[in-house]
Amino acid sequence: MQIGNDIGKVKKDIEELVGQHVVIRCNSGKRRTTVSKGMLESAYPSVFVFKNADTMTNTSFSYTDLIQNRVEFLAKGEKATSDFIIED
């Protein structure tokens, strides 16, 4: 999903996707990247919550994580790239 630099637009885009299944990729630094399937559970003024489908745990991310490309995700219907491949 293309994310711009405007935090207001980012919040609006995320709020529209609440309840949808997504694939999320998190850059944890030092070349550590995790890719997970789950759902955007809720959106708050400063953060949004992702529920991992495998572990059933919730993780919160700030909107600035999206703007700074520390977190990326694919919504349903978007074309996956090699970065988002999950081995089942």
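Conventions adopted
- Residues numbered from 1 in each chain as written.
- Predicted model: local features only at pLDDT ≥ 70, side-chain atom pairs only at ≥ 80, totals over all residues.
- Heavy atoms only, no water.
- Pairing = 2+ DSSP bridges.
- Helix = DSSP H or I, 4+ residues; strand = E, 2+ residues; numbered from the N terminus.
- Buried < 20%, exposed > 50% of the residue type's maximum accessible area, 1.4 Å probe, protein only.
- Arc of directions from axis to C-beta.
- Contact = heavy atoms within 4.5 Å.
- Salt bridge = Lys/Arg side-chain N within 4 Å of Asp/Glu carboxyl O.
- pLDDT = per-residue confidence, 0-100.
- Core = buried A, V, L, I, M, F, W, Y, C linked by side-chain atoms within 4.5 Å.

Here five bridges tie strand β3 (residues 47-52) to strand β4 (residues 58-62), and the two strands are oriented antiparallel to one another. When the sheet's bridge partners are listed, Val49 is paired in β4 with Ser60. Taking the residues that link successive antiparallel strands as the turn, the β3-β4 hairpin has five residues, and the phi of Met56 there is positive, at about 55 degrees.

Regarding helix α1 (residues 7-17), the residues found buried are Val10, Asp13, Ile14 and Leu17. Each buried residue of α1 lies within a common arc of 95 degrees when the element is viewed along its axis, so the set occupies one face. Turned more than 90 degrees away from the buried face of α1, the exposed residues are Lys12 and Glu16. Summarising the contacts, the buried residues of α1 are in contact with β2 (32-43), β3, α2 (63-67) and β5 (71-75). At the C-terminal side of α1, Gly19 shows a positive phi close to 95 degrees.

So, on to the pattern of salt bridges. Counted under the stated rule, the structure contains three salt bridges. Among the ionic pairs, Asp13 bridges to Lys9, the shortest N-O distance being 2.9 Å. Of this pair, Asp13 and Lys9 both sit in helix α1, four residues apart, roughly one helical turn. Taking relative accessible area as the criterion, Asp13 reaches 14% and is therefore assigned buried.

Taken over all residues, the pLDDT of the chain has a mean of 83, while the share at 70 or more is 81%. Predicted confidence in the chain is weakest over β5, with a mean pLDDT of 84, and strongest over β3, with 95.

What follows is about the nonpolar core. Among the nonpolar cores identified, the biggest contains 15 residues, and Ile14, Ile24, Phe48, Phe61, Leu66 and Phe73 are the most heavily contacted of them. Counting residues per element, the ones that place at least two in this core are α1, β1 (21-29), β3, α2 and β5.

Another point: unusual backbone geometry. We note that Lys30 has phi near 50 degrees; this positive angle belongs to a residue other than glycine. Relative to the helices and strands, Lys30 is located in the loop between β1 and β2. When its relative accessible area of 76% is taken as the criterion, Lys30 is described as exposed. Despite not being glycine, Asn69 has its phi angle at roughly 60 degrees, a positive value.

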